[in-house]
Amino acid sequence: AYAAARDQASAAHEAMQEAWEDRVSAREAMNREFDARKAAFGEHDSIWAEYTRIRENNSPRIEALRREADDEHREMQTCFENASNAYQYGDKADARSYSEEGREHKARRDELNEEIGELIREIKDAKAYAQMYAPRVDSSAFNQAKADFDAAKSAHEAAQSRFNRLKDQ
């Protein structure tokens, strides 16, 4: 009876050791998959962080340029209205002067709008780059490795419990 119990305990100990080795192996695989997933998230986040940096740097500049372009547009309209009024009253010299000033405001407005367009294109290009090159993080391999580890852990704990029960007997 003692020899049979000893043999059962010995077999249970071997099963527990094998389950432990499976658990260690599964943990190593899970850790590798975790590291791979973490690296993919890091690369993904880095690429999107660059887009965010560009957007956050350009957005306030775009808003300021838009306000300035709106001011230039209003000034242009005022100058052209003044030119028209001066022309109607026969003051051709003032009309020419107002008209010239209006064209200067228009040119400045157009320059500002061109700069705004360039900044917007820079944001759009950065977003397109991020969408194209930021790796899609696939957690399925990690999730499978975690499930395998959890199963190996449960199997080891069951084998350990069985061994402890037989050892106590």
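What you see is a predicted model, and the numbers here were worked out from it, not measured in a lab.

Novice: I tried to follow the overall build of the chain on my own but got confused; where do I start?
Specialist: Regarding its fold elements, the chain presents 3 helices and 0 strands. Counting from the amino terminus, the chain carries its helices and strands in the arrangement α-α-α. For 169 residues, the compact-globule estimate of 2.2 N^0.38 gives 15 Å, and the chain exceeds it by more than 25% at 37 Å. Along the first, second and third principal axes, the C-alpha atoms of the chain reach 130 × 20 × 15 Å. In the chain, which comprises 169 residues, the share counted as buried stands at 25%. Looking at the chain alone, contacts between residues at least 24 apart form 87% of all its contacts between residues at least 6 apart. For the chain, the exposed surface amounts to about 11,700 Å²; the carbon and sulfur share of it is 47%. Of the side-chain charges in the chain, 27 are positive and 36 negative, and the distance between the mean point of each set is 5 Å.

Novice: Please clarify how helix H2 (residues 92–133) should be interpreted in this entry.
Specialist: Structurally, the α-helix is built with 3.6 residues per turn, so residues lying three or four positions apart point the same way. Between its terminal C-alpha atoms H2 stretches 61 Å, which fits the 62 Å expected from 42 residues at 1.5 Å a residue. Looking only at H2, the buried set comprises Ala 95, Ser 99, Gly 102, His 105, Arg 109, Leu 112, Ile 116, Gly 117, Leu 119, Ile 123, Ala 126 and Ala 130.

Novice: Just to check I follow, could you spell out the confidence of the model for the chain for this structure?
Specialist: Parts of the prediction with low pLDDT should not have their coordinates interpreted in detail. Of the residues in the chain, 100% reach a pLDDT of 70 or more, and the chain-wide mean stands at 95. Considering each helix and strand of the chain separately, the mean pLDDT is smallest for helix H3 (residues 140–168), with a value of 94, and largest for H2, with 97.

Novice: I tried to follow a nonpolar patch on the surface on my own but got confused; where do I start?
Specialist: On the surface, Tyr 129, Met 132 and Tyr 133 cluster together into a nonpolar patch covering about 370 Å² of accessible area. Classification of Met 132 by relative accessible area gives exposed; the value is 58%.

Novice: Just to check I follow, could you spell out the packing of aromatic side chains for this structure?
Specialist: Two descriptors summarise a pair of aromatic rings, namely the distance from one centre to the other and the angle between the planes of the rings. In this structure the tally under the stated criterion is 3 aromatic pairs. A centroid spacing of 4.6 Å and a plane angle of 40 degrees characterise the contact between Tyr 129 and Tyr 133, whose relative ring orientation is tilted. Taken together, the residues span about one helical turn, with Tyr 129 and Tyr 133 both in helix H2 at a distance of 4 residues. Of the residues examined, Tyr 129 reaches a relative accessible area of 47% and is grouped as partly exposed. Above the face of the Phe 142 ring, Arg 37 is positioned so that its terminal group lies 4.2 Å from the ring centre. The ring of Tyr 87 has Lys 92 sitting right over it, with the charged end atom 4.5 Å from the ring centre.

Thresholds applied
Position numbers for residues count from 1 along each chain, tracking the sequence in the order it is written. Local features in this predicted model are restricted to residues of pLDDT 70 or higher, and side-chain atom pairs are both shown and tallied only at a pLDDT of 80 or more, whereas totals for entire chains, interfaces and linings draw on every residue. Think of the side-chain values as coming from all heavy atoms in the structure, minus any hydrogens and water. Strands here mean DSSP runs of E at least two residues long; helices mean DSSP runs of H or I at least four residues long; both are numbered from the N terminus. C-alpha atoms define the radius of gyration, and 2.2 Å times the number of residues to the power 0.38 defines the globule rule. When accessible area is computed with a 1.4 Å probe and restricted to protein chains, residues below 20% of their type maximum are described as buried, those above 50% as exposed, and intermediate ones as partly exposed. Any two residues having at least one pair of non-hydrogen atoms within 4.5 Å are treated as being in contact. Surface accessibility follows the Shrake-Rupley procedure with a 1.4 Å probe radius. Residue values consider only the protein chains on display as shielding. For the charge count, each Lys or Arg is scored as positive and each Asp or Glu as negative, with His and the chain ends excluded. Every charge is mapped onto a representative atom, which is NZ of Lys, CZ of Arg, CG of Asp or CD of Glu. For a helix, the expected span equals 1.5 Å multiplied by the number of residues minus one. A residue's pLDDT is the confidence the predictor assigns to it, expressed on a 0 to 100 scale. The residues that make up patches have over 30% relative accessible area and no salt bridge, and they are joined within 9 Å when like-charged or within 5 Å when they are Val, Leu, Ile, Met, Phe, Trp or Tyr. Take a side-chain nitrogen of Lys or Arg and a carboxyl oxygen of Asp or Glu: if they are within 4 Å of each other, that pair is a salt bridge. Stacked, tilted and edge-to-face are the three classes applied to pairs of Phe, Tyr and Trp rings, where Trp contributes its six-membered ring and a pair requires centres within 6.5 Å; stacked means planes under 30 degrees apart, edge-to-face means over 60, and tilted covers the rest. Lysine NZ or arginine CZ positioned within 6 Å of the ring centre and within 35 degrees of the ring normal marks a charge as sitting over the ring.

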